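Secondary and tertiary structure notes
Single-letter residue listing:
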Amino acid sequence: MALNVDHYNRKITYLRVSVTDRCNLRCIYCMPVKDLKLLNHDDILRYEEIMRIIQAAVEAGISKVRLTGGEPLVRRNFTRLASSICAVPGIKDVSITTNGVLLAEKARKIYAAGIRRINVSLDTLDRKKYAAITRRDHFDDVWQGLQIAEEVGFSPIKLNVVAMRGINDDEILQFAELSVRKPYHVRFIEYMPIGHDNQWNPGKYISSDEIKSRLQSLGPLRKVPVLHSANDGPARRYRFDSAKGEIGFISALSNHFCPTCNRLRLTADGRLRPCLFADDEIDIKTPLRAGCSHEELKRLFWEAVERKPKQHHARFAEKGGCQRSMSAIGG
Ligand code: SAM
Ligand code: SF4
């Protein structure tokens with residue numbers, strides 16, 4: 001059996017790389033305002049180190065990379081890293097997840113670096129509510145960033161919307177209408193109890209099924225056939241008739257996507273994380289800085305594959321399990 005196939009017959013081909021734990025927003029579900037613990041600069045992987053890890057990752061079976069964070073676009077010379085990764089033989093797909101605050105300024109350079117697929121997080125279409133959710137006033141910057149990303153030619157443009165009852169669930173239909181007017185893939189993400197200060201509680205959680213049933217007032221929602229072999233993610237995908245875009249559901253709590261999980265995560269401080277929801281991590285930075293061989297880096301990847309759990313244990317109505325926040329893991 002290939003060494004990138006785990007105990008549950010999942011072929012691990014996808015690496016999410018957190019390039020920084022820093023962020024220019026403070027989303028209520030992700031980062032605390034006070035007592036935020038940030039990594040020391042020396043603990044964050046340098047670009048040369050990320051590239052060595054990616055080269056080993058390719059030989060270990062990885063062919064798809066997503067750059068995330070924290071906010072990837074706040075890291076200096078991000079486009080230099082992006083274009084180096086795009087140029088690695090064997091990497092077939094490089095994408096980013098961003099909050100979009102700096103997108104207007106950086107979209108062209110990112111596209112020129114070779115990235116074509118982009119996920120932008122936007123939980124509300126209301127400027128005031130945006131400031132309340134992110135604790136920063138950048139709605140117009142994100143909106144402008146989206147328009148420029150569209151002009152530049154990114155495709156698809158996915159909008160990540162964390163659905164929170166009593167906070168933004170009154171905008172579900174507006175987001176769905178946006179997927180009709182614009183070529184955006186709107187993805188409703190179930191609010192996850194991740195990190196120790198994420199304000200999650202069962203009252204704020206809203207399931208994908210509930211969102212889907214609310215959308216029925218807009219007309220029939222047709223399933224988009226998904227080719228898992230084509231590196232499709234965990235989203236269940238749908239489309240309204242004559243829509244330019246799509247609707248997706250990422251149902252981490254209500255509908256485990258674990259059986260099709262094909263990913264590992266690399267944290268900004270150089271740890272390989274087999275599962276988003278479990279704090280098991282493999283330190284790859286220490287051996288790398290101690291001068292370990294390429295073969296040893298590959299072996300650490302296969303060890304992470306081997307340590308992937310069958311499924312995560314995050315449950316509805318339960319906090320904990322995972323202590324790092326999404327910004328620190330690389331969501
Ligand atoms: N800063 C970038 C951004 O916001 O797109 C990339 C990193 S962020 C951690 C990646 C994704 O994780 C975002 O779409 C964000 O909405 C999502 N996320 C963070 N905390 C979450 C939580 N508690 N539940 C669900 N999604 C969460
Ligand atoms: Fe920053 Fe993204 Fe976390 Fe929001 S979700 S605080 S933008 S890392």
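Structure's up top.
Residues numbered from 1 in each chain as written. Chains lettered and ligands numbered in written order. Predicted model: local features only at pLDDT ≥ 70, side-chain atom pairs only at ≥ 80, totals over all residues. Heavy atoms only, no water.

1. Thoughts on the site of ligand 2
What counts here: Residues are classed as near a molecule or strand on a simple rule: at least one heavy atom within 4 Å of it. Ten residue types, Ala, Val, Leu, Ile, Met, Phe, Trp, Tyr, Cys and Pro, are classed as nonpolar, four, Asp, Glu, Lys and Arg, as charged, and the remainder, Gly among them, as polar.
Neighbouring residues of ligand 2: Cys23, Leu25, Cys27, Tyr29, Cys30, Met31, Gly70, Asn99 and Ser327. Tallied by class, the residues present in the shell around ligand 2 amount to six nonpolar, three polar and no charged.

2. Considerations on the packing of helix H6 (residues 172–181) against helix H7 (residues 208–215)
Short version of the rule: The angle between two axes is taken between their N-to-C directions and runs from 0 to 180 degrees, where each axis is a line fitted to C-alpha atoms and a helix contributes only its stretch in contact. Only runs of H or I of at least four residues qualify as helices and only runs of E of at least two qualify as strands under DSSP, and these elements are numbered from the N terminus. Here the angle decides the label: under 35 degrees means roughly parallel, over 145 means roughly antiparallel, 65 to 115 means roughly perpendicular, and every other value means oblique. By definition, any crossing whose near helix is turned counterclockwise from its far helix by less than a right angle is left-handed, and any crossing with a clockwise turn is right-handed. Whether two residues are in contact is decided by their heavy atoms, any of which lying within 4.5 Å being enough.
Closest axis-to-axis distance for the H6/H7 pair is 10 Å, and the angle between their directions is 70°. By the angle between their axes, H6 is roughly perpendicular relative to H7. Between H6 and H7 lies a crossing of right-handed hand. Touching Ile172, Leu173 and Ala176 of H6 are Ile211, Arg214 and Leu215, all from H7. Split by residue class, the contact of H6 with H7 holds five nonpolar, no polar and one charged.

3. Focus on the site of ligand 1
What counts here: Polar contact is defined as a pair of N or O atoms within 3.5 Å, subject to the rule that within protein one atom must be able to donate a hydrogen and the other to accept it, and that residues adjacent in sequence are counted only when both atoms are side-chain atoms. Shrake-Rupley sampling with a 1.4 Å probe provides the accessible areas, and residues are treated as covered by the protein chains on show and by no other component.
In the vicinity of ligand 1, 20 residues are found, and the nearest of them are Tyr29, Gly70, Ser121, Asn160 and Met192. At 3.1 Å, a backbone N or O of tyrosine 29 approaches a nitrogen atom of ligand 1. Here an oxygen atom of ligand 1 and a backbone polar atom of threonine 98 are 3.2 Å apart. Here ligand 1 has 540 Å² of accessible area as a free molecule, and 96% of this is covered by the chains. For the shell around ligand 1, the secondary structure elements donating two or more residues are strand S3 (93–98), strand S5 (157–163), strand S6 (184–190) and helix H10 (326–329). Broken down by class, the residue content of the shell around ligand 1 amounts to eight nonpolar, ten polar and two charged.

4. Considering the pairing of strand S8 (residues 236–240)
Test applied: Strands are labelled as partners when DSSP assigns at least two bridges between them.
In this structure, strand S7 (residues 221–223) lies alongside S8, joined through three bridges in antiparallel fashion. Residue pairing in the sheet places arginine 222 in a bridge with arginine 239 of S8. Note: S8 against strand S9 (residues 246–250), three bridges, orientation antiparallel. Each bridged residue has a counterpart across the sheet, and for arginine 236 the counterpart in S9 is phenylalanine 249.

5. Some words on the sheet that holds S3
Read across the open sheet, the twelve strands follow the order S7-S8-S9-S6-S5-S4-S3-S2-S1-S10-S11-S12; overall the sheet is mixed. Each edge of the open sheet carries a strand with a single partner, namely S7 and strand S12 (282–283). In this structure, strand S11 (residues 271–273) lies alongside S12, joined through two bridges in antiparallel fashion. The residue of S12 that forms the bridge with leucine 272 is isoleucine 282.

6. A few points about the side chain of arginine 273
Short version of the rule: Exposure classes here rest on a 1.4 Å probe applied to the protein chains alone. A residue is buried below 20% of its type maximum, exposed above 50%, and partly exposed in between.
Considering the arrangement of structural elements, one finds arginine 273 in strand S11. On the basis of relative accessibility, which here comes to 0%, the residue arginine 273 falls in the buried class. A polar atom in the side chain of arginine 273 sits 2.7 Å from the side chain of glutamate 281.

7. Regarding the pairing of S6
For the record, the criterion: A crossover counts as right-handed when, viewed with the strands pointing away from the observer, the path leading from the first strand over the helix to the second turns clockwise.
Along S6, seven of the seven residues are buried, which leaves the element largely enclosed by surrounding structure. Neither face of S6 is open: one carries Tyr184, Val186, Phe188 and Glu190, the other His185, Arg187 and Ile189, and all of them are buried. Of the strand pairs in this sheet, S5 and S6 are connected by seven bridges, and their pairing is parallel. Bridging from a neighbouring strand, alanine 163 pairs with glutamate 190 of S6. In terms of handedness, the path from S5 via H6 over to S6 forms a crossover that is right-handed. As paired elements, S6 and S9 share five bridges and run parallel to each other. Looking at S9, one finds that arginine 187 is bridged to glycine 248.

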